[in-house]
Amino acid sequence: MKKAIPFSNLNRATTVEKIAKEHFDIVVIGGGITGGGIALDAASRGLKVLLLEKGDFASGTSSKSTKLIHGGLRYLKQFDFWLVKEVGSERAIVHKLAPHLVLPEKMLLPLIEGGSYGKWLTSVGLKVYDILAQVSGDDKRKMLEKKEALALEPLLPKKKVKGAGYYAEYRTDDARLTLENIKTSLKYGAEALNYAEVTNFMYREGLVKGVTVKDCISGDEFSVNSNYVVSATGPWVDELRSINNSKKGKRLHLTKGVHVVFPHNKLPVNQSVYFDVPDGRMIFAIPRGKVTYVGTTDTNYNLDKDKVETDMADAIYLIAAVNNMFPSINLEMEDIESSWAGLRPLIHEEGKSTSELSRKDEIFTSDTGLISIAGGKLTGYRKMAERVVNRITRTMEEEQGEKVPECLTETIPLCGSKFKTYKEVKKYIAAIYERIRADNFTKYDAWYLVTNYGVQTEAILNFYKARKEKDISIRMALSELEFAIAYEMVQSPMDFFIRRTGRLYFDIQSVRSLMEPVCSELQRVFKTDEAKVQEWKETMETILKSHSDFSLERM
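Parameters at a glance
- Residues numbered from 1 in each chain as written.
- Predicted model: local features only at pLDDT ≥ 70, side-chain atom pairs only at ≥ 80, totals over all residues.
- Heavy atoms only, no water.
- Helix = DSSP H or I, 4+ residues; strand = E, 2+ residues; numbered from the N terminus.
- Rg over C-alpha atoms; globule rule 2.2 N^0.38 Å.
- Buried < 20%, exposed > 50% of the residue type's maximum accessible area, 1.4 Å probe, protein only.
- Contact = heavy atoms within 4.5 Å.
- Areas by Shrake-Rupley, 256 points an atom, 1.4 Å probe, with all protein chains shown as cover.
- Lys, Arg positive; Asp, Glu negative; His and termini not counted.
- Charge placed at Lys NZ, Arg CZ, Asp CG, Glu CD.
- 1 Å grid on protein atoms, 1.4 Å probe; cavity = no way out; pocket = protein on both sides within 12 Å on 5 of 7 lines; lining within 4 Å.
- Points joined across faces, edges and corners; volume = space filled by probe spheres on them.
- Nonpolar A, V, L, I, M, F, W, Y, C, P; charged D, E, K, R; others polar.
- Pairing = 2+ DSSP bridges.
- Axes fitted to C-alpha atoms, helices over the stretch in contact; angles between N-to-C directions.
- Parallel < 35°, antiparallel > 145°, perpendicular 65-115°, else oblique.
- Core = buried A, V, L, I, M, F, W, Y, C linked by side-chain atoms within 4.5 Å.

**Student:** Please clarify how the overall build of the protein chain should be interpreted in this entry.
**Tutor:** Within the protein chain, the regular secondary structure consists of 17 helices and 18 strands. A compact globule built from 555 residues should have a C-alpha radius of gyration of about 24 Å, and the protein chain, at 23 Å, falls within 12% of that. Taken along the three principal axes of its C-alpha coordinates, the protein chain extends 70 × 60 × 50 Å. Split into buried and exposed, the 555 residues of the protein chain put 61% on the buried side. Contacts in the protein chain between residues far apart in sequence, at least 24 positions, make up 72% of those at least 6 positions apart. On the protein chain, roughly 22,900 Å² of surface is accessible, and the fraction owed to carbon and sulfur atoms is 52%. Taking the average place of the 80 positive charges on the side chains of the protein chain and the average place of its 75 negative ones, the gap between the two points comes to 5 Å.

Below is the structure:
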């Protein structure tokens, strides 16, 4: 494995000083999947790029999606063939770029009496889906009879189910996909900084030519010069357009999507299920390691964008949906282990309900040259990035006569991947298990390491060998933390537990047991005082409560 590029907040003062002295072709505001994709696309074409994120990377929408790289079957019902074709084709490309992180996932679509999809519509719809998304081989859709559907998923309602569609999608970790895009951009000379908030724009001859930035760690302000500025800030796009005095015409329409997480033994589905809700919507139940998560909702949102939470109504709705589709399950509020809630930055269309709003992305360019992108889906991030960078390179060619190469990202494997196929990933998981089983680690532990880090697992195991903690779980977690501090810009336990490891969502008990050693290690490495450690612990306790406690007392 090639040595990873250092990417650490331990060198923050030097990084900031260097950034402030340089002149960039493009400053990208927003460290989510769209911003990360733009940074990689532009840097790999030879442009000088800086990415700035006001919080942690992927701390907004890009860690709170359904975590699927999927073609959007439901958009066929809206006759949005273009969207289905583009994101359907992108699934296979993104899987190829990171097979350890974008995992094949069979999807079962039960056909029930009075459901959204009848047998004929499902068969034709999935066939069209296969054609538009260029699906081949075993991944092509199959139509199942009732007996076959129940054999695959015995939890389905025997009296109501009439059969099923069976087709292929991909599951991912959205936050890690974002991070690996950003880390890969570093190989092409990009710079990236988290906890760096853009507070204003700098203008030259009436055009945006840079940004003013507040370092949220030190409190210092600095300026950055650039030829172009792109706002890929998702739900915050309109705020930056307001600062730029260009919020006119189209505007954002934010909707909230909630997911709840249960121990897998409470909802032991054999594969992902995409099923009907009595109100006409469709939701997913997706098994992942030790848990099954369910979502999503789709409701208007006008509250604090920095504090989006799952409320009791969301949880009740999703539990009722599961209990309706799987009558033998009987989930209750206390079965919820964790949850997350995120915002979709859709483009407002008068008279349309939340579920009718298009998921297409749109690019706005203000009179002063600020380029903003909003809308879109996780699956389409690479094409969204390509469209933004193409807009800039066309301008460069027209105005300066500069010829910039076409998009290359379809052929650039992401950090952590040396795999050609998913078969190779499975072989590597088995090999890692053989190497760690002597220390009483499980097959789940090997799966977790590889599907999080890919071949970067080697670096973590090297840290593990060098550490001395007697408790092997603590020792392995601190090895992950050591890697994340050195190569992934971790600044706090929130960064580590939520966005680098996904533990808050998929292994919440480990967060509670690892809180003390993780905070102690961060204090030692960053030389912080006790007040900061106490602040971290209180913040994490609040987060744990808001994500997992749905008792009436909290509500």
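Here the narrative resumes, following the displayed structure.
**Student:** Just checking my understanding: could you explain empty space enclosed by the protein for this structure?
**Tutor:** The method is simple in principle: a probe with the dimensions of a water molecule rolls over the atoms, and the space it marks as empty is what remains. Tallied over the entire structure, the rule returns 4 cavities of 30 Å³ or more. Computed from the structure, the largest cavity encloses a volume of approximately 70 Å³. For the largest cavity, the full set of lining residues is Ala-4, Ile-5, Phe-7, Lys-183, Leu-186, Lys-187, Cys-415, Gln-456 and Tyr-487. Taken together, the residues of the lining of the largest cavity break down into 6 nonpolar, 1 polar and 2 charged.

**Student:** Can you walk me through the layout of surface pockets in this structure?
**Tutor:** Of the pockets and cavities examined, the second largest pocket occupies roughly 520 Å³. Elements with a contribution of two residues or more to the lining of the second largest pocket: β6 (161-172), α11 (443-453), α13 (472-487), α15 (503-506) and α16 (508-526).

**Student:** I keep staring at the pairing of strand β17 (residues 361-365) and nothing clicks. Help me out?
**Tutor:** Pairing of β17 with strand β18 (residues 371-375) involves 5 bridges; the strand directions are antiparallel. By the bridge assignment, Thr-365 is partnered in β18 with Ile-371. Linking β17 back to β18 in an antiparallel pair, the connection comprises 5 residues, with Gly-369 at a positive phi of about 95°.

**Student:** For this particular structure, what's the right way to read the pairing of strand β14 (residues 291-295)?
**Tutor:** The side chains of a regular strand alternate between both faces of the sheet. In terms of residue burial, β14 counts as a mostly covered element, since 5 of its 5 residues are buried. Taking every second residue as pointing to the same face, both faces of β14 are buried, with Val-291, Tyr-293 and Gly-295 on one and Thr-292 and Val-294 on the other. When strand β11 (residues 252-263) meets β14, the two strands line up antiparallel, connected through 5 bridges. Its bridge partner being in β14, Val-261 is matched across the sheet by Tyr-293. Relative to β14, strand β13 (residues 282-288) runs antiparallel, the two sharing 5 bridges. Counted as the bridge partner of Pro-287 is Thr-292 from β14.

**Student:** I tried to follow the packing of helix α14 (residues 493-500) against α16 on my own but got confused; where do I start?
**Tutor:** At a closest axis distance of 9 Å, the pairing of α14 and α16 adopts a crossing angle of 135°. Classified by the angle their axes make, α14 and α16 are oblique. Of the residues in α16, those in contact with Pro-493, Phe-496 and Phe-497 of α14 are Val-511, Leu-514, Met-515, Val-518, Cys-519 and Leu-522. Each residue belonging to the contact of α14 with α16 can be placed in one class, and the counts come to 9 nonpolar, no polar and no charged.

**Student:** Looking at this structure, how should I read the nonpolar core?
**Tutor:** Grouped together as the largest cluster of nonpolar side chains are 49 residues, with contacts concentrated most on Val-27, Ile-38, Leu-52, Val-211 and Val-224. Among the elements that line this core, the one with the most residues is helix α9 (residues 381-400), at 6 residues. Ignoring anything within four residues of it in the chain, the contact list for Val-27 reads Leu-50, Leu-52, Val-211, Val-224, Ser-226, Tyr-228, Val-229 and Val-230. Counting 42 residues, the second largest nonpolar core, distinct from the first, contains Ile-112, Phe-262, Leu-267 and Ile-319.

**Student:** Looking at this structure, I do not really get the side chain of Thr-409. What am I missing?
**Tutor:** Relative to the assigned elements, Thr-409 resides in the loop between α9 and α10 (422-436). Its relative accessible area of 4% is what places Thr-409 among the buried residues. Those residues in contact with Thr-409, other than ones at most four positions away along the chain, are Leu-40, Asp-41, Ser-44, Leu-97 and Arg-382.

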